[in-house]
Amino acid sequence: MLMSDSSAAVSPQICGTPALRRKNLGAAGPEKFTAEFIQKQVEEFEIGKRHLANMMGEDPENFTQEDIDRSIAYLFPSGLFEKRARPLMKVRLSADLCFPPCEAVQWGPDGRPFHFLFYTGKQYYYSLMHDLYGRVLKVEKHQDQLRAKGLFPTEPKQIALGTSRWLTKEELEARLVEPISSQDYECFIQLLERLVAMPCCSLEQQFVMSHRQQLEAQSMHQVVPPLQKDDAGVDFSTAEGRRKTSRGSVVVRDCGAGRLTVNGQDYLHYFPVLQDREQLMFPLQFCGLLGRFDLDCSVSGGGRSSQAGALRLAISRALLSFLPQSEGEAMRQAGLLTPDPRVRERKKPGQEGARRKFTWKKR
Amino acid sequence: MAASISGLLKPWTPRVLLVRWSRYNPYYLEPEVRKEAYSRPESELSAEEKEERELKMLRPIKAATNSTTSSVFNDPLYLKFMSTNRFSTLENIKRKQVEKYHKATDGQKDGIECNPYVIFHQALENCKPVVTLASIQKGGKYYQVPIPLTGQRQRFLAMKWMITECRENKHRRTHMYEKLSQELLAAFEKEGNVIKKKHELHKMAEANRAYAHYRWW
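Residues numbered from 1 in each chain as written. Chains lettered and ligands numbered in written order. Predicted model: local features only at pLDDT ≥ 70, side-chain atom pairs only at ≥ 80, totals over all residues. Heavy atoms only, no water.

Where an unreviewed UniProt entry is consulted, chain B appears under the name Mitochondrial ribosomal protein S7, with the organism given as Xiphophorus couchianus. Its UniProt record gives chain B the following Sequence similarities (unreviewed entry) comment, quoted word for word: "Belongs to the universal ribosomal protein uS7 family." (UniProt positions renumbered as here; feature names shortened; annotations may be inferred.)

The name that an unreviewed UniProt entry assigns to chain A is Small ribosomal subunit protein uS9m, with the source organism given as Xiphophorus couchianus. Taken directly from UniProt, the Sequence similarities (unreviewed entry) text for chain A runs: "Belongs to the universal ribosomal protein uS9 family." The Subcellular location (unreviewed entry) comment attached to chain A in UniProt states, word for word, "Mitochondrion".

Draft legend 1. Structural view of the overall build of chain A. Within chain A, the regular secondary structure consists of 11 helices and 8 strands. For chain A, with 363 residues in total, the buried portion stands at 34%. Partitioning the intrachain contacts of chain A with sequence separation of at least 6 by distance along the chain shows that 63% fall at a separation of at least 24. A total accessible area of about 23,600 Å² is found for chain A, and carbon and sulfur atoms account for 56% of it. (Helix = DSSP H or I, 4+ residues; strand = E, 2+ residues; numbered from the N terminus. Buried < 20%, exposed > 50% of the residue type's maximum accessible area, 1.4 Å probe, protein only. Contact = heavy atoms within 4.5 Å. Areas by Shrake-Rupley, 256 points an atom, 1.4 Å probe, with all protein chains shown as cover.)

Draft legend 2. Structural context of the interface of chain B and chain A. On the chain A side, the residues contacting the 36 residues of chain B number 35 residues. For the chain B and chain A pair, buried surface summed over both sides reaches about 3,200 Å², with 53% attributable to carbon and sulfur atoms. Between the two partners, chain B and chain A, sit 0 salt bridges. Scanning the region where chain B abuts chain A turns up 19 residue pairs in polar contact (both at pLDDT 80 or more). (Buried area = accessible area lost by both parts, 1.4 Å probe. Salt bridge = Lys/Arg side-chain N within 4 Å of Asp/Glu carboxyl O. Polar contact = N/O pair within 3.5 Å; in protein donor to acceptor, adjacent residues only side chain to side chain.)

Draft legend 3. Up close: a negative patch on the surface. A contiguous patch of negative charge on the surface is contributed by Glu 48, Glu 51, Glu 52 and Glu 54 of chain B. Relative to the elements of secondary structure, Glu 52 of chain B occurs in helix H3 (residues 47–58). (Patch = residues over 30% accessible without salt bridge, like charges linked within 9 Å, V, L, I, M, F, W, Y side chains within 5 Å. Lys, Arg positive; Asp, Glu negative; His and termini not counted. Charge placed at Lys NZ, Arg CZ, Asp CG, Glu CD.)

Draft legend 4. Broad picture of the UniProt feature "domain: Small ribosomal subunit protein uS7" (unreviewed entry) in chain B. Within this structure's numbering, the places UniProt gives as "domain: Small ribosomal subunit protein uS7" (unreviewed entry) are residues 103–209 of chain B. In this annotation, residues 103–209 of chain B is assigned 60% helix and 15% strand; the end-to-end C-alpha distance for the span is 46 Å.

Draft legend 5. Structural context of the nonpolar core. Membership of the largest hydrophobic core comes to 32 residues, with the highest contact counts inside it found for Val 250, Phe 286, Phe 293, Leu 295, Leu 319 and Met 331 of chain A. Those elements that provide at least two residues to this core are strand E5 (246–253), strand E6 (260–262), helix H9 (274–287), strand E8 (294–300), helix H10 (304–319) and helix H11 (325–333) of chain A. Beyond its immediate sequence surroundings of up to four residues, Phe 286 of chain A is in contact with Ala 330, Met 331, Ala 334 and Leu 336 of chain A together with Val 33, Lys 35, Tyr 38 and Ser 70 of chain B. Ranked by size, the runner-up nonpolar core spans 28 residues in total, among them Met 82, Ile 163, Leu 185 and Leu 201 of chain B. (Core = buried A, V, L, I, M, F, W, Y, C linked by side-chain atoms within 4.5 Å.)

Draft legend 6. Main features of the domain arrangement of chain A. In terms of domain boundaries, chain A breaks down into domain 1 (38–85), domain 2 (120–214) and domain 3 (230–334). If you average the C-alpha positions of domain 1 of chain A and of domain 3 of chain A, the two centres end up 52 Å apart. (Domains from an automatic or database assignment.)

Draft legend 7. Fine view of the sheet that holds strand E7 (residues 265–266) of chain A. All names here are of chain A. The strand order across the open sheet formed by 6 strands is E3-E4-E5-E8-E6-E7, and the pairing between neighbours is mixed. On the outer flanks of this sheet lie strand E3 (228–229) and E7, each paired with one strand and no other. In terms of strand pairing, strand E4 (residues 235–243) meets E5 through 8 bridges, oriented antiparallel. Residue Arg 243 lies in a different strand from E5, and its bridge partner there is Ser 246. Relative to the sheet, H10 contacts E4, E5, E6 and E8, its axis offset from that of E4 by approximately 140 degrees. (Pairing = 2+ DSSP bridges. Axes fitted to C-alpha atoms, helices over the stretch in contact; angles between N-to-C directions.)

Draft legend 8. Expanded view of the packing of helix H2 (residues 35–56) of chain A against helix H3 (residues 65–75) of chain A. Residue and element names in this part refer to chain A. With their axes 11 Å apart at the nearest point, H2 and H3 run at an angle of 65 degrees to one another. Of the two possible hands of crossing, H2 and H3 adopt the one that is left-handed. Where H2 approaches H3, its residues Phe 45, Lys 49, Leu 52 and Met 56 are matched on the opposing element by Gln 65, Ile 68, Ser 71, Ile 72, Tyr 74 and Leu 75. When grouped by side-chain class, the residues that make up the contact of H2 with H3 number 7 nonpolar, 2 polar and 1 charged. (Left-handed = near helix turned anticlockwise from the far one by under 90°. Nonpolar A, V, L, I, M, F, W, Y, C, P; charged D, E, K, R; others polar.)

This is the structure:
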């Protein structure tokens, strides 16, 4: 029988019974979201969006996601408390809902996998390690060549890592789209460190930097309260602070004489203990601005020490608007701008207090 | 910053509660309260200090404690010694010294120290023992063996002796700060009961020198 030389792919099963060719539906495994499947869903979503716009009498061209949400909430009112259980019409290609990423089918129609490391189970991780080791060998070969020619540099140029860190395990998992164990991650980092430690590693600078995450300076996260002007044209700023159960707020006014009022009273009356007054003065003394400001504080809750701590934090935050950024950074490094997270530890059952156990009796 | 790192920055409880854990996660660094540390220009720093500065720029910092300030009167050692009633002792010392200063002739005025912090530090230094005795068993008998002391232990013993001595051996009607100031001044001059105790301990250690080789650590 002549074989037709059509361009169609030749099926490996040239002969076989229909029973063999019938797909075993029970052994299909978990549903794989192929790229075509996702594409089809997206197209259906677009069509459905236009239908919905027509139903609501709105313009199908300019129908945004908020309009969709509003329409669905109108057409399908739900009294459920859990927001995620309410009716939803959205295309979200993220890992937590709808379609998990990249669960595309990994093998061809003949059942042969595309990736050569498919049968390791973690194909992307092992291919990354394979690639990395190949680069290590390449750098070593380059070094040997230089040595053979006598051109080995006495002061080799290292990769400038700068202020960056290696990718964390979670980030690596997100990149590889498959779970890896902590031992795998450690092996990966060790191999990268080995590559970076070699003298001629600047060949692979770009590869290494692609696996590093840039760290940003902490001072970028500081929220500076806005500097306001009151009726007399004097600058002032307001800030709040808290410590344990105390809540304090302070108004710092410029062109003052160093007067402090706490809850209407003079601070000497409100805080008779020296340590509390020292804490209030700490931010001002640190910046050298003791006599310049007038402070109007109000505080409630907690004890004397925690009230003083709350006010200290509030004063430091309010001072940020009067100071340049470098001074603010100095204050942050002195520990003035961090809210103190220490709270009272709870008492545990079977113990007398948080840490104290009952008296141990031998019998 | 990645979501995982910002998750690390909040106050946390470790999954397995260890005996000694802190509300800060290990990413936080200790604060530097002294003003002088921030006024040094770039050129004076060594390479490690520059690296430390870089690290401090990127990491979050813990909050400063209630008892620390950046003022000149903040002395961590003195705080350890006496956190309550602090200024009464120092004030007393200062008063006595200034009295002595004004009564002294011109030639002696240079020798009188008026700074109470200096007096306190010097008195503590004078009270620190160098060796102590440990009871070590050898061949059925217990011997008093002289052993060296670490700096931490020396400081602790000096402070402990000072406070115990003031509590027990002085007249009960005087205030603690009064007793302490007397004792600190005496220790500064290398007199007083605490110095005597230190000398006795040293004499005992000297007497038991022969057994020093019984120490195996």
